[in-house]
Each structure stands twice: as structure tokens, then as C-alpha cells.
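Analysis of the macromolecular model
These are the residues of each chain, in order.
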Amino acid sequence: MAEYPLASQSLSLGRYSSDVDAVVQAWDAAGNVGKLWRRDASLFSGADEARWMAWLDIVDIQLKDTAHLQSAAQDAAGGNAGAPFHNVVVLGMGGSSLCPEVMARTFGEKAGHPRLLVLDSTVPAQVRALDKKLETKSSLFVVASKSGGTIEPNSFKQYFFDRAAESLGLGGAGKHFITVTDPGTKMQKIAEADKFRTIYYGLPEIGGRFSALSNFGMIPAASAGIDAVGFLKCAHVMVKACAADVAAKNNPGVLLGIALGVLAKAGRDKLTVIASPGISGLGAWLEQLIAESTGKHGKGIVPVDGERLSEPTVYGNDRVFVYSRLSEKPDASQDAAVEKLRAAGHPVITIDVPTTLHLGQEFFRWEMATAAAGAVLGINPFDQPDVESAKIVARSLMETYEQSGSLPSDEPILTEGSVRIYTDPTNAKALQEAAGPGASAAALVKAHLSRIGAGDYFAINAYIEMIDAYDTDLQAMRNGVRNAKQVATTVGYGPRFLHSTGQLHKGGPNNGVFLQITSDDAEDLPIPGQKYTFGVLKAAQAQGDFAVLAERDRRILRVHLGADVAADLKQLRGWVEAALA
């Protein structure tokens with residue numbers, strides 16, 4: 001048996017099989033796999049696709065010289081001045097943090113190496129919770145920022161560098177920081193000025209969401225004692241299987257992408273990810289890759305991660321299921337549920353992942369599939385034209401805060417106890433007409449949910465701390481809506497989803513119904529060197545997100561919770577459950 005066998009896939013597409021076969025044959029006749037590897041922009045939208053496709057070569061580039069990965073592992077294991085590092089902490093956002101999060105969730109803490117932690121939230125409670133977990137003297141911080149100018153990782157760096165300087169002195173703080181950034185960025189200059197331990201570079205020709213197998217994913221993994229070289233060698237098996245001379249019909253990544261693109265054009269545009277518990281972290285990474293790559297110009301594939309599996313009858317005819325099955329440790333209940341979905345006639349794609357190390361193969365398979373799906377949809381899968389729109393509004397709000405000391409305040413359409421309800425005039429008119437005069441908060445929530453129809457998806461966008469207690473309530477709400485309305489549902493935590501599904505929400509089809517959840521902060525946190533705080537930054541990001549969704553005529557309601565988030569979230573859950581009863 002080969003050292004790293006290829007992770008196999010099987011497609012059960014029912015009546016869509018002939019449509020997929022026709023496109024596969026057309027691809028092979030036109031030599032499209034070769035065109036993809038040659039970076040031929042005409043395969044996509046004819047724009048600047050070629051300049052963003054170095055991800056095709058990154059595994060070979062990495063394996064030609066692995067010294068930097070071995071050095072990163074040794075450096076983190078060795079600690080600083082004889083004191084070992086107990087934590088490797090990635091400070092990032094979006095593509096710079098999601099792969100490390102998958103690695104942390106999948107591989108856990110390796111004996112004799114530091115544990116891998118990730119921060120990708122500006123919610124003050126989230127930053128504080130991480131701070132309390134850490135002893136700065138035994139932590140190595142990885143500031144991950146491709147552009148070097150992304151506000152979230154830069155703010156995290158300011159906060160934790162200041163904390164390190166408090167205990168280690170300004171001269172000693174830099175020895176606890178490394179960065180992964182593209183050459184010539186602002187972050188490189190900051191790292192040089194602050195005497196960071198090491199600077200690792202990304203390739204400017206690889207976009208963030210395609211960077212998992214580059215230094216953005218592999219340096220944190222190696223630093224935590226994960227076998228990054230073995231991971232890449234395993235990934236290389238998939239690279240060869242997807243090579244330019246492999247026909248589409250035999251090419252795992254291309255075939256998967258063509259199938260997803262054809263299914264989406266036929267109305268099966270809700271890609272529901274099922275993953276074995278041992279690799280469940282893969283879903284969040286896939287969510288960003290697929291949503292941000294395909295959700296634009298009124299088109300898009302909606303990735304659905306973390307939705308509880310149920311009987312086939314609760315799913316609409318807009319679904320396609322992908323089951324990433326960990327062969328070495330499968331879940332029997334998932335196997336049975338997926339078989340029911342297949343028997344009921346839903347399109348089901350099963351990928352047998354032999355071991356956790358094979359996640360490297362999955363990263364490349366899905367990057368190739370996403371590129372191919374983008375080609376089938378006729379879009380540029382490597383840009384994100386609508387992500388910047390919310391950033392522009394948020395920056396404007398931040399400037400207002402710096403000048404006046406406060407963010408612009410909106411007028412709620414209803415205040416009930418500590419909960420305030422907001423929306424824009426168009427949505428307010430529709431909801432108040434549906435709920436009637438003097439409607440309660442519960443009635444407005446019910447009116448909002450009544451707007452969900454066949455083919456829609458329901459998205460909860462929560463700018464609150466990511467903890468199990470809150471997630472239980474959010475998942476209960478999304479699964480309740482799924483069961484009652486038979487529509488796809490998603491849960492995203494802000495601001496991280498802005499760099500993920502946020503592109504799809506704004507640039508994809510207008511078939512989303514959005515519930516934005518914001519809250520007061522029981523205790524805010526300052527950002528050293530800035531007039532604004534983490535709480536202000538989070539609030540500006542939420543307001544910017546809301547403003548652009550409303551501008552795009554999306555169906556959106558914002559529920560603002562008080563400082564007792566747990567109690568108010570329970571109340572909101574009660575309103576949702578009552579609305580669906």
C-alpha cells in the first residue's frame with residue numbers, strides 16, 4: 001500500500017448525472033483541465049484570475065525546501081531563553097486563521113509541543129477569555145495577515161504585544177512574536193521595528209482562502225508539533241491526481257467542482273457539509289472557501305456547516321450533500337443518515353478520508369473544485385468584490401467615533417426590556433404591516449421568519465462570544481427554522497463571517513433571510529494606541545454589515561441584546577421557537 005493513499009470520492013447524483021457527464025465531456029474535449037493549470041482566464045470571467053493561482057504550485061514549492069517548517073517546529077518547541085512555550089496563538093482573520101483552527105481542532109495538543117490556539121473575534125469577551133487562558137511568558141504569538149493591514153489581526157497584535165511588554169519589557173516582547181505576511185507589507189515593517197522572533201512570508205499570488213497549504217497554514221501547524229512535512233507529502237498525492245494531464249472525468253477536484261457547479265445552476269445550490277467528528281473542523285474552512293469564491297454577481301453556492309442531521313423530509317429540493325467520512329474513525333449514525341438521504345433521491349457526494357493527515361489532500365481537492373465550480377458558473381472565484389463594501393462603511397463609522405467619541409446611533413423600532421429591535425425603513429414597513437400595530441418583539445420576530453420561503457436560506461449572524469452555552473441556543477434556533485421551513489440554515493459569528501460568508505450574503509442571490517444578533521458588552525477592552533476599543537470596533541463592523549445588507553435589499557432584522565447576553569439570548573430563542581410552533 002502506498003504511504004499516502006488517495007482519498008477516494010463517489011458521486012450519487014441521480015437525475016443530474018447526465019447533465020454532469022455532459023459538462024465533463026465538454027471539458028475534456030476543450031482541454032479545460034490544461035487551461036486551468038495554465039491559468040487561462042478565459043476559462044473563468046476573463047479578468048485577473050491568472051495572478052491569483054499560485055496555490056496550484058504551493059505544495060511543490062513547500063516540499064522543495066522544508067527547512068523553514070522544521071525550523072518553526074524546533075523554535076516553538078525550544079521556547080525562549082530556556083523557558084518552553086506552552087501556547088502557539090494565531091492572531092488572524094478569515095483565510096489566515098481558519099486553516100490553523102482546523103488543524104487545532106483536528107490534531108489537538110501534541111506531546112512535547114505547545115497547544116495551538118486561534119483568535120479571530122473582536123468581541124471583547126472573546127479577547128479577554130483568551131487573555132485569561134494565557135501566561136504571556138510561555139506563549140508564542142503568530143500574527144497572520146496577508147495584506148498586513150487587516151484591522152483585526154493588527155488590533156490583536158497591539159493588545160497582546162502590550163500585554164507581553166508589561167511582563168517581559170519592551171525589548172523582550174518581540175521574542176514572543178512571529179508573523180506570517182506577504183513581502184513588503186505594513187506588518188513586515190511592524191515586525192522588523194518590534195524585533196519579532198521570525199518573519200515568514202506568504203506568496204502574494206495566493207489569496208487568503210486558498211492559502212491553507214502555504215505558510216499561513218503550515219507555520220502554525222509546524223509550530224504546534226504537527227507533521228507539516230508529512231501533511232504536505234500526503235497533499236501532494238492529490239495534487240498529482242488533479243494534474244493538468246488528468247482528464248476531468250478522472251480528476252477528483254475538477255470532477256467535484258463541475259458537479260457542484262452544474263447542481264447549483266440546476267437549483268441545488270445549498271451545499272450541506274457533513275463531516276465525521278474527527279474532522280468536523282473542516283466545515284468552517286470549506287464555508288469560507290466556497291462562499292467567498294462563488295457568491296458574487298447574483299450567483300453563488302451556499303455552504304451549510306454544522307446543521308444537525310435529520311430525516312430526509314426536512315430538506316428542500318435545493319440541497320446537495322457532501323459527506324467527508326473519516327475512514328479510520330467513522331460515525332455509524334452519520335453513515336445511516338447519509339444512506340437515508342441517498343435513498344430519498346438527494347444528490348450525495350461521499351469522500352472517504354483515510355486519516356486525519358489526509359486533510360492536506362482535502363484542502364487541495366476543494367481548492368481545485370472551487371476553481372472548477374467558478375468556471376462552470378462563469379465567475380472569477382479568486383476575487384471578493386463585496387467584502388470591501390462593509391469594510392468601507394465600518395471605516396467611516398470608526399472615523400466618526402475618533403472625531404466625536406461615539407458611533408452614530410440608530411433608532412430602534414421597538415425596545416422591550418433590555419432587548420432592542422432594529423431594521424431599515426423598507427424592512428420595518430414590511431414587518432410592521434405583517435405584525436400589526438403595536439406589535440411585540442416576539443411578533444416582529446415571527447413576522448420576519450414568515451418571510452422565509454422555498455429556496456431561501458436563513459442566516460444567523462451573531463456578534464457575540466463563541467462559547468458552547470450561546471452556541472446551543474443559536475443552533476437550536478437554526479435547526480428549528482430548518483425543521484419548520486425546510487430551508488437551509490447557517491450560523492456565523494461576527495466579525496469572522498464577514499471574511500467568509502459575508503461575500504455571499506451581499507454578492508450572491510437575494511435568497512437569504514438574515515437575523516443579526518448584537519449585544520452590549522458587560523466589560524469593554526481598550527486597543528493600545530487607538531482611541532477606539534474592541535467593543536467599538538465590533539459594533540462598527542456589525543453596523544457596516546447591516547448597512548450594506550439593507551442597501552442590497554436583503555431581508556434583515558437586528559436584535560440587540562443587553563449586557564446579560566445569556567438571558568436575552570434565551571429570550572430570543574423563546575420568541576423564535578414560539579414563532580415556529
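Conventions adopted
Residues numbered from 1 in each chain as written. Predicted model: local features only at pLDDT ≥ 70, side-chain atom pairs only at ≥ 80, totals over all residues. Heavy atoms only, no water. 1 Å grid on protein atoms, 1.4 Å probe; cavity = no way out; pocket = protein on both sides within 12 Å on 5 of 7 lines; lining within 4 Å. Points joined across faces, edges and corners; volume = space filled by probe spheres on them. Helix = DSSP H or I, 4+ residues; strand = E, 2+ residues; numbered from the N terminus. Nonpolar A, V, L, I, M, F, W, Y, C, P; charged D, E, K, R; others polar. Pairing = 2+ DSSP bridges. Axes fitted to C-alpha atoms, helices over the stretch in contact; angles between N-to-C directions. Contact = heavy atoms within 4.5 Å. Buried < 20%, exposed > 50% of the residue type's maximum accessible area, 1.4 Å probe, protein only. Salt bridge = Lys/Arg side-chain N within 4 Å of Asp/Glu carboxyl O. Expected span 1.5 Å × (residues − 1). Polar contact = N/O pair within 3.5 Å; in protein donor to acceptor, adjacent residues only side chain to side chain. Right-handed = clockwise from strand over helix to strand, strands pointing away. Left-handed = near helix turned anticlockwise from the far one by under 90°.

Regarding empty space enclosed by the protein
According to the stated counting rule, one finds one cavity of 30 Å³ or more in the structure shown. In this model, the largest cavity occupies a volume close to 40 Å³. Looking at the largest cavity, the residues that line it are Leu260, Ile290, Thr294, Ile301, Trp366, Ala369, Thr370 and Ala373. Contributing elements (two or more residues each) for the lining of the largest cavity: helix 13 (282-294) and helix 15 (359-377). If you tally residues by element for the lining of the largest cavity, the top one is helix 15, at four residues. A class-by-class count of the residues in the lining of the largest cavity yields six nonpolar, two polar and no charged.

Focus on the sheet that holds strand 5 (residues 177-181)
Overall, parallel pairing links the five strands, which are arranged 3-2-4-5-6 in an open sheet. One side of each edge strand has no neighbouring strand; the edge strands of this open sheet are strand 3 (115-119) and strand 6 (198-201). Sheet twist, expressed as the average angle between the axes of neighbouring strands with direction ignored, equals 20°. Sheet topology places strand 2 (residues 87-91) next to strand 4 (residues 139-145); five bridges connect them, and they run parallel. Bridge pairing links Val89 to Phe141 in strand 4. Relative to strand 3, helix 5 (residues 98-107) is tilted by about 140°, and along the sheet it contacts strand 2 and strand 3. The strands touched by helix 6 (residues 124-133) are strand 2 and strand 3; relative to strand 3, the strand with the most contacts, the crossing angle is about 160°.

Details of the environment of Leu444
Along the polypeptide, Leu444 turns up in helix 18 (residues 441-449). A relative accessible area of 3% means that Leu444 is categorised as buried. Between the C-alpha atoms of Leu444 and Pro381, which are 63 residues apart in sequence, the distance is 37 Å.

Side note on the pattern of salt bridges
Scanning all chains against the criterion turns up 31 salt bridges. One salt bridge in this structure joins Asp456 and Arg555, with 3.0 Å as the shortest N-O distance. You can see Asp456 sitting in the loop between helix 18 and strand 13 (457-462) and its partner Arg555 sitting in strand 16 (residues 555-561), a full 99 residues away along the chain. Considered together, Asp456 and Arg555 belong to a single accessibility category, that of buried residues. Of the charged contacts in the structure, one is a salt bridge between Lys538 and Asp521, with a shortest N-O distance of 3.1 Å. Remark: Asp521 occurs in the loop between strand 15 (512-519) and helix 21 (534-551) and Lys538 occurs in helix 21; sequence separation between them is 17 residues. You can call Asp521 partly exposed: its relative accessible area is 26%. Each of Asp473, Lys570, Arg573 and Glu577 takes part in one network of salt bridges that share partners.

Quick look at helix 16 (residues 387-404)
Its 18 residues place the ends of helix 16 27 Å apart at the C-alpha level, agreeing with the 26 Å of an ideal helix rising 1.5 Å per residue. Where the residues of helix 16 are buried, they touch helix 13, helix 20 (501-507) and helix 21. Two residues or fewer past helix 16, Gly405 is found with a positive phi of approximately 85°.

As for the environment of Lys296
Position of Lys296 among the secondary structure elements: in the loop between helix 13 and strand 8 (302-305). For Lys296, a relative accessible area of 0% translates into the label buried. Separated by 13 residues in the primary sequence, Lys296 and Gly283 place their C-alpha atoms 21 Å from one another. Not counting chain neighbours up to four residues away, the residues in contact with Lys296 comprise Arg209, Ile379, Asn380, Pro381, Phe382, Asp383, Gln384, Pro385, Gln503, Gly507 and Gly508. A polar side-chain atom of Lys296 sits 3.4 Å from the main-chain carbonyl oxygen of Glu292.

With respect to the sheet that holds strand 10 (residues 348-353)
Pairing is mixed in the open sheet, where five strands are placed in the order 1-10-9-7-8. The outermost strands of the open sheet, each flanked by one partner alone, are strand 1 (8-12) and strand 8. With direction set aside, neighbouring strand axes in the sheet form an average angle of 20°. With five bridges connecting them, strand 1 and strand 10 associate as antiparallel partners. The residue of strand 10 that forms the bridge with Ser12 is Val348.

As for the pairing of strand 6
Working note: regular strand, side chains alternate between the two faces of the sheet. Where strand 5 lies against strand 6, four bridges are found, and the strand directions are parallel. Each bridged residue has a counterpart across the sheet, and for Val180 the counterpart in strand 6 is Tyr200. Regarding the hand of the β-α-β motif, the stretch spanning strand 5, helix 9 (residues 186-193) and strand 6 is right-handed.

Concerning the packing of helix 5 against helix 10 (residues 215-223)
At a minimum axis separation of 8 Å, helix 5 and helix 10 run at an interaxial angle of 35°. The hand of the helix 5/helix 10 crossing is right-handed. Of the residues in helix 10, those in contact with Cys99, Pro100 and Met103 of helix 5 are Phe216, Gly217, Met218, Pro220 and Ala221. The residue makeup of the contact of helix 5 with helix 10, split by class, is seven nonpolar, one polar and no charged.

Focus on unusual backbone geometry
Gly494 connects to Pro495 through a cis peptide bond whose omega is 0°. With respect to the helices, strands and loops of the structure, Pro495 is situated in the loop between strand 14 (488-493) and helix 20. With phi around 55°, Lys195 is a residue other than glycine that occupies positive phi space. For Lys195, the location among the structural elements is in the loop between helix 9 and strand 6. For Lys195, a relative accessible area of 64% corresponds to the exposed category. Residue Asp553 is not a glycine yet carries a positive backbone phi of 60°. As for its placement among the helices and strands, Asp553 is situated in the loop between helix 21 and strand 16.

Describing the layout of surface pockets
The gaps of empty space that remain are located by a probe, the size of a water molecule, rolled over the atoms. One number sums up the size of the largest pocket: a volume of about 1,400 Å³. Along the wall of the largest pocket there are 44 residues; nearest its centre are Glu101, Arg105, Met466, Tyr493 and Arg496. Listed by contribution, the elements that provide at least two residues to the lining of the largest pocket are helix 5, strand 3, helix 6, strand 7 (270-275), helix 13, helix 19 (468-485) and strand 14. Taken together, the residues that form the lining of the largest pocket break down as 18 nonpolar, twelve polar and 14 charged.

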